[in-house]
Amino acid sequence: MNPNKKVAFYTLGCKLNFSETSTIARNFVNEGFKRVAFEQKADIYVINTCSVTDNADKRFKSIVKNALKKNEEAFLIAVGCYAQLKPEELAAVDGVDLVLGATEKFNVTSYINDLTKNNVGEIHSCEIADADFYVGSYSIGDRTRAFLKVQDGCDYKCTYCTIPLARGISRSDTLQNVLENAREISAKGIKEIVLTGVNIGDYGKGEFGNKKHEHTFLELVKELDNVHGIHRLRISSIEPNLLKDETINFVSKSKTFVPHFHIPLQSGSNVLLKKMKRRYLRETYTNRVARIKETMPNACIGVDVIVGFPGETDALFLETYNYLNDLDISYLHVFTYSERPNTAAVNFEGVVPKKTRAKRSKMLRGLSAKKRRAFYESQLGNSLTVLFENENKEGYIHGFTENYVKVKAPWNPDLVNTLHPIQLTTIDEDGLVRFKFEKELIKN
């Protein structure tokens, strides 16, 4: 294999995928490859796929086409969730040379013998039961924040979800490795770490290759809080039944964990939660939100919700809508239910027409905008800390406060990746918040 070959990466899907792409990319660089942007001509293009949305499946083909436009002789590799679930489908796409499943993706360089184009994509995909070992990873998408993977896979059997089929059983990184990665990230001058995984509240399970919990999520959080040099830690998404009082209490007093929680709900109807095989009822969710707001009144709470699940009547949808409307939350991530092969829900009765799904999705997105606006208004006058991003967006620099309020100011490159105490003043016409600086730059 000739070193100095150029390799480019494209990631579809979640933060976890981004962290894994970064790790795969570092493996290439360590073996002498040169990483270039996906928009540039490369010898190898690696596409990390996603199976959660229909759109991600369709986009794969257009990404392949774009890569081949830049270099029709390029060697194309598909990895990730869709590559595990539907390897034959991806291998059949014109121009794809190699498809690697869940266990093989981290050894991608050992599958490249030469870069001769294949007539048909070559597949290396394990039985998902073999995906029982853990590969730690983290990504540095920009200079301000990093996604740190702490857990992979899921043992839950939600009736709409393909993730257990794509990623295997729940397993965790060792505590020692997570802390080491966190120290590496902070040594690069990155100010914020976002913890990611498929089901991070399950952290500790499978840490040593068995089902025993050696450590808990709470222990992980406590240990990370002591890592020197990290200014902010954010919990990306955690199941309501796994978000314990002890964790909420600890975050409320923590040095580095920020008051921001993203908690999947999926439905505000107990009837549908049971059909979805979620591991809690609505009352648990209400209780978690109340507990967070009790200990951290200014906390930001994001919610995942699915519309159009089989059996969701108008009455049950309105139950979800009204429940969310009354709940003290800050924004919604709305997912329109899409049928997935090999999931139980595919065979459920009460299929919701696509038009109805789209209408309900629009209603909830409208509610999300209203909730975000109300949350931002509730924060006006508060003194908070902003971490500035590194992009010039039409003459403005953006940043996020610890409780996830998005702010803007005229572009100033000196502000990139710095933390400042500010006071929120007004909401701009684009919905972002203006502020005034409280004093000089604090920590660098």
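Here, every reference points to the structure presented above.
This section reports on the structure supplied with the text. Quick caveat, the model's predicted, so the values are computed rather than measured. Position labels on residues start from 1 in each chain and follow its written sequence. Under the rules for a predicted model, residues below a pLDDT of 70 receive no local features and side-chain atom pairs below 80 are neither given nor counted, while totals for whole chains, interfaces and linings still include all residues. The basis for every side-chain value is the complete set of non-hydrogen atoms in the structure, without hydrogens or water.

What follows covers helix α11 (residues 314-326). The numbering of helices and of strands both runs from the N terminus, where a helix is a DSSP run of H or I of at least 4 residues and a strand a run of E of at least 2. To estimate how far a helix should reach, multiply one less than its number of residues by 1.5 Å. An ideal rise of 1.5 Å per residue puts 18 Å on 13 residues; α11 measures up with 18 Å between its terminal C-alpha atoms. Only protein chains enter the calculation, and the probe is 1.4 Å; a residue is then buried if its accessible area is under 20% of its type maximum, exposed if over 50%, and partly exposed in between. Taken together, the buried positions of α11 are Leu-316, Phe-317, Thr-320, Tyr-321, Tyr-323 and Leu-324. Buried residues of α11, seen end-on, are gathered within an arc of 165° and therefore sit on one face of the element. Those residues of α11 that are exposed and aimed more than 90 degrees away from the buried face are Asp-314, Ala-315 and Asp-326. Where α11 is buried, its residues touch β13 (260-266), α9 (270-275), α10 (282-295), β14 (300-307), β15 (331-336) and α12 (354-379). Here the arc refers to the set of directions running from the helix axis out to each C-beta atom. Note on definitions: a residue-residue contact is assigned when non-hydrogen atoms from the two residues lie within 4.5 Å.

Let us now look at the pairing of β13. With seven of seven residues buried, β13 lies mostly within the body of the structure. Residue alternation in β13 divides its side chains into two sets, His-260, His-262, Pro-264 and Gln-266 and Phe-261, Ile-263 and Leu-265, and both sets are buried. Strand pairing is assigned whenever DSSP detects at least two bridges linking the two strands. With six bridges connecting them, β13 and β14 associate as parallel partners. By the bridge assignment for β14, Ile-263 is matched with Val-303.

Right, let's talk about the sheet that holds strand β7 (residues 138-140) for a bit. The sheet built from four strands is open, its strands ordered β7-β8-β11-β12 with mixed pairing. Looking at strand neighbours, the two that pair on one side only are β7 and β12 (232-235), the edges of this open sheet. With direction set aside, neighbouring strand axes in the sheet form an average angle of 20°. The sheet contact formed by β7 and strand β8 (residues 145-149) spans three bridges and is antiparallel. Each bridged residue has a counterpart across the sheet, and for Tyr-138 the counterpart in β8 is Leu-148. All axes here are fitted lines through C-alpha atoms, helices being fitted over the stretch that makes contact, and every angle between N-to-C directions spans 0 to 180 degrees. Across the sheet, helix α6 (residues 175-187) lies against β7, β8 and β11 (192-196), angled at about 165° from β8, the strand it touches most.

It is worth spelling out the state of the cysteines at this point. Two cysteine sulfurs form a disulfide in these notes if their separation is within 2.5 Å. In total, this model carries zero disulfides according to the counting rule given. No disulfide involves Cys-158; its sulfur sits 6.1 Å from the nearest other cysteine sulfur, which is in Cys-161. Judged by its relative accessible area of 12%, Cys-158 falls in the buried class.

The next thing to look at is the nonpolar core. By size, the foremost hydrophobic cluster in this structure holds 50 residues, and its most contacted members are Leu-195, Leu-224 and Leu-324. Apart from residues lying up to four places away in sequence, Leu-224 is in contact with Val-178, Leu-179, Ala-182, Leu-195, Leu-233 and Phe-257. Ranked by size, the runner-up nonpolar core spans 23 residues in total, among them Cys-50, Ala-78, Ala-91 and Val-93. Note on terminology: a nonpolar core comprises buried Ala, Val, Leu, Ile, Met, Phe, Trp, Tyr and Cys residues joined through side-chain atoms within 4.5 Å.

Our focus in this paragraph is the environment of Lys-65. With respect to the helices, strands and loops of the structure, Lys-65 is situated in helix α2 (residues 54-70). Assessed through its relative accessible area of 60%, Lys-65 is described here as exposed. Sequence-wise, Lys-65 and Gly-95 are 30 residues apart; in three dimensions their C-alpha atoms are separated by 8.1 Å.

With that settled, the discussion passes to the packing of helix α7 (residues 217-224) against helix α8 (residues 245-253). Their axes nearest at 9 Å, the elements α7 and α8 cross at an angle of 15°. By the angle between their directions, the pair α7 and α8 is classed as roughly parallel. α8 is crossed by α7, and the crossing has left-handed handedness. Across the interface between the two elements, Phe-217, Leu-218, Val-221 and Lys-222 of α7 pack against Glu-246, Thr-247 and Phe-250 of α8. Nonpolar residues are Ala, Val, Leu, Ile, Met, Phe, Trp, Tyr, Cys and Pro. Charged residues are Asp, Glu, Lys and Arg, and all others, Gly as well, are polar. Looking at the contact of α7 with α8, its residues break down into four nonpolar, one polar and two charged. Roughly parallel refers to an angle under 35 degrees, roughly antiparallel to one over 145, roughly perpendicular to one between 65 and 115, and oblique to any angle outside these ranges. In this scheme the handedness of a crossing depends on how the near helix is turned from the far one: anticlockwise by less than a right angle means left-handed, clockwise means right-handed.

Next up on the list: the packing of α6 against α7. Running from amino to carboxyl end, α6 crosses α7 at an angle of 35°, the nearest separation of the two axes being 10 Å. Read as a crossing pair, α6 and α7 show a hand that is right-handed. Mapping the contact onto sequence places Leu-175, Val-178, Leu-179 and Ala-182 in α6 and Leu-220, Glu-223 and Leu-224 in α7. Tallied by class, residues from the contact of α6 with α7 come to six nonpolar, no polar and one charged.

Quick look at the packing of aromatic side chains now. Here a ring pair, both rings aromatic, is described through the centre-centre distance and the interplanar angle of the planes. The criterion for an aromatic pair is that two Phe, Tyr or Trp rings (for Trp, the six-membered ring) have centres within 6.5 Å, with stacked assigned to planes under 30 degrees apart, edge-to-face to planes over 60 apart and tilted to the rest. Evaluation of the coordinates by the stated rule reveals 14 aromatic pairs. When the ring of Phe-9 is compared with that of Phe-28, the centres are 5.6 Å apart and the planes differ by 70°; the resulting orientation is edge-to-face. Placement of the pair is Phe-9 in strand β1 (residues 6-11) and Phe-28 in helix α1 (residues 15-30), with a sequence separation of 19 residues. Take Phe-9 and Phe-28: they sit in the same class, and that class is buried. Summarising the aromatic geometry, the rings of Phe-317 and Tyr-321 are spaced 6.4 Å apart at their centres and angled 50° between planes, so their arrangement reads as tilted. Of the two residues, Phe-317 and Tyr-321 are both situated in helix α11; the distance of four residues between them amounts to about one turn of the helix. For the pair formed by Phe-317 and Tyr-321, the shared burial category is buried. A network of ring pairs unites the aromatic residues Tyr-160, Phe-309, Tyr-337 and Phe-348 as a single cluster. The ring of Tyr-396 has Lys-408 sitting right over it, with the charged end atom 4.1 Å from the ring centre. Two thresholds decide whether a charge sits over a ring: the Lys NZ or Arg CZ must be within 6 Å of the ring centre and within 35 degrees of the ring normal.

This part is about the pattern of salt bridges. Between Lys or Arg on one side and Asp or Glu on the other, a salt bridge is scored when a side-chain nitrogen of the former is within 4 Å of a carboxyl oxygen of the latter. Taken as a whole, this structure holds 27 salt bridges when the rule is applied. As a salt-bridge pair, Arg-232 and Glu-192 come within 3.3 Å of each other at their nearest N and O atoms. In this pair, Arg-232 is assigned in strand β12 and Glu-192 in strand β11, connecting sequence segments 40 residues apart. Side by side, Arg-232 and Glu-192 carry an identical accessibility label, which is buried. As a salt-bridge pair, Glu-339 and Arg-357 come within 2.7 Å of each other at their nearest N and O atoms. Taken as a pair, Glu-339 in the loop between β15 and α12 and Arg-357 in helix α12 lie far apart in primary sequence, 18 residues in all.

Spatial relationships are all this shows, so hold off on functional conclusions.
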